[in-house]
Amino acid sequence: MTILCAGAAHWDILARAGEAMAPGDDVPGRVRDAPGGVACNIARHVARRGRVALAACVGDDARGRALLAQLQAEGIDTREVAVLPGLATDRYVAIEDHDGGLIGAVADQATFSAGAQKIGESVRRWDGPVLLDGNMPARVLGDLPVDRITVIPASPAKSLRLREPVAAGAGIVCNAAEARVIARAEGDGPALAEALVAAGAAFALVTDGARTAAICRNGRVHCATPASVTGSVTGAGDALTAAFTLAIQEGLSDETALKAGVEAAARHIEGTSS
């Protein structure tokens, strides 16, 4: 079965400092471009092992054409990607410190916002599992069927808009900070996973950095402790979501799928993903 990843797709501009830095510093480092966006990132991970389609929006420009060409070369079905005339493909700029921690980021999402309704239409037409990017605006989220949707918040600040789909029965994969906002609860990963299910989620997988990750479904909680690794954390949650979803699609248990997700996140942070 083909998984649909729906949401943001753009170019990431990732700047890694070569040494410790403070606000206002100008330090040497390395800058690279890569495909980005929560939905796009997850789709790229899924494509390594499974069938995946992407519902997103790009501009009718050179950056958009280059992005589509790369995603298609990686095996992603892009027929649900809308190309919007007269608009520029979005970009995301992130600055990381020397050990990979995120210092700050800015997302230009003008084209994504303009085409969000088209993405929603793709989700409503889809008859299989959907991984839905939490960047989706509230005006679109309220009209989507939740019975086959898993939502992935884009940040704690954007998590409020996901309370409604979670309460209606969507599944959710998120970090502890996002879980606290959506569930209006405190605690560690296992407690927050339970709180999200109590709030209505079909299931909840909650990560907590280097601390215990947990999944709760049907009153049962399973936990996994991440390996101690160093490297860039950008995109680690997307790697986890893809590996977990593929394991579930293969019929594996929640416990096994959680471990697969945690291990995939660790490989991504180390830069050893394959």
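Taken as a whole and assessed by the stated rule, the structure comprises one aromatic pair. With centroids separated by 5.7 Å and ring planes inclined at 45 degrees, the aromatic side chains of Phe-203 and Phe-244 adopt a geometry described as tilted. Taken together, the residues Phe-203 in the loop between α7 (189–198) and β11 (204–208) and Phe-244 in helix α8 (residues 236–249) connect sequence positions 41 residues apart. Taken as a pair, Phe-203 and Phe-244 share a single burial class, namely buried.

With that settled, the discussion passes to the packing of helix α6 (residues 176–183) against α7. Where α6 contacts α7, the two axes come as close as 9 Å, and the packing angle between them is 35 degrees. For the element pair α6 and α7, the recorded crossing hand is left-handed. Within the contact between the two elements, α6 uses Ala-176, Ala-179, Arg-180, Ile-182 and Ala-183 and α7 uses Leu-192, Ala-195 and Leu-196.

A separate point is the environment of Gln-72. Looking at the element boundaries, Gln-72 is found in helix α2 (residues 62–73). Note on Gln-72: relative accessible area 44%, which makes it partly exposed.

Per-chain confidence: the protein chain averages 92 in pLDDT, with 97% of residues scoring 70 or above. For the protein chain, the element scoring lowest by mean pLDDT is strand β7 (residues 102–108), at 86; strand β1 (residues 3–6) scores highest, at 98.

For the rest of this paragraph, the subject is the nonpolar core. Generally speaking, nonpolar side chains in soluble globular proteins are found buried as a group. Counting 41 residues, the largest nonpolar core has Val-123, Val-130, Leu-132, Val-151, Ile-172, Leu-196 and Val-206 as the members making the most contacts within it. Setting aside residues up to four positions removed in sequence, Leu-132 forms contacts with Ala-6, Val-123, Leu-141, Leu-144, Ile-149, Thr-150, Val-151 and Ile-152. By size, the runner-up hydrophobic cluster in this structure holds 39 residues, among which are Ala-43, Val-52, Leu-54 and Ala-257.

Going through the model one piece at a time under the given rule, you end up with zero disulfides. Free cysteine: Cys-5, not disulfide-bonded; nearest cysteine sulfur from Cys-40 at 9.1 Å. Here Cys-223 is not disulfide-linked; the sulfur of Cys-216 is the nearest cysteine sulfur, at 9.8 Å.

All right, on to the side chain of Asp-97 then. Note on placement: Asp-97 falls in the loop between β6 (91–96) and β7. Notably, Asp-97 is buried but unbridged: the nearest opposite-charge side chain belongs to Arg-16, and the N-O separation is 6.1 Å. Every residue in contact with Asp-97, bar those within four places of it in the chain, is listed here: Arg-16, Ala-17 and Ile-103.

Below, the discussion takes up α2. In an α-helix, one turn spans 3.6 residues; hence positions three or four apart end up facing the same way. Look at α2: 16 Å from first C-alpha to last across 12 residues, which is about the 16 Å you get at 1.5 Å a residue. Elements in contact with the buried residues of α2: β2 (10–17), β3 (29–36), α1 (38–47), β4 (52–59) and β5 (77–84). Looking at the residues trailing α2, positive phi occurs at Gly-75, about 95 degrees.

With that settled, consider the sheet that holds β3. The strand order β3-β2-β6-β7 describes an open sheet built from four strands, whose pairing is mixed. Every other strand in the sheet has two partners, leaving β3 and β7 as the edge strands with one partner each. Averaged over all pairs of adjacent strands, the angle between strand axes in this sheet comes to 15 degrees, irrespective of strand direction. The pairing of β6 with β7 spans six bridges and is antiparallel. Its bridge partner being in β7, Ile-95 is matched across the sheet by Gly-104.

Rules used in this analysis
- Throughout this document, residue positions are counted from 1 along each chain, in the order its sequence is written.
- Reporting in this predicted model follows two pLDDT cut-offs: at least 70 for local features of residues, and 80 or more for side-chain atom pairs to be given and counted; totals over whole chains, interfaces and linings ignore these cut-offs and use all residues.
- Side-chain numbers here rest on the full set of heavy atoms in the structure, without hydrogens or water.
- Geometry of aromatic contacts follows a simple scheme: Phe, Tyr and Trp rings, the Trp one being its six-membered ring, pair when their centres are within 6.5 Å, and the pair is stacked under 30 degrees between planes, edge-to-face over 60, tilted otherwise.
- Secondary structure elements are taken from DSSP: a helix is a run of H or I of four residues or more, a strand is a run of E of two residues or more, and numbering for both begins at the N terminus.
- To sort residues, take the accessible area from a 1.4 Å probe on protein chains only and compare it with the maximum for the residue type: under 20% means buried, over 50% means exposed, and anything in between is partly exposed.
- Every angle, taken between N-to-C directions, lies between 0 and 180 degrees, and every axis is a line fitted to C-alpha atoms, over only the stretch in contact when it is a helix.
- Note on convention: the crossing is left-handed when the near helix lies turned anticlockwise from the far helix by less than a right angle, right-handed when the turn is clockwise.
- Contacts between residues were defined by any pair of non-hydrogen atoms, one from each residue, lying within 4.5 Å.
- Per-residue confidence from the predictor is reported as pLDDT, a score between 0 and 100.
- What makes a nonpolar core is a set of buried Ala, Val, Leu, Ile, Met, Phe, Trp, Tyr and Cys residues whose side-chain atoms join them at distances within 4.5 Å.
- Any cysteine sulfur atom paired with another within 2.5 Å is treated as part of a disulfide.
- Charged-residue counts in this description rest on Lys and Arg as positive and Asp and Glu as negative, His and the chain ends being excluded.
- Think of a salt bridge as a Lys or Arg side-chain nitrogen and an Asp or Glu carboxyl oxygen that are within 4 Å of each other.
- Expected helix span is given by 1.5 Å per residue-to-residue step, counting one fewer step than there are residues.
- Two strands pair under a simple rule: DSSP has to find at least two bridges between them.

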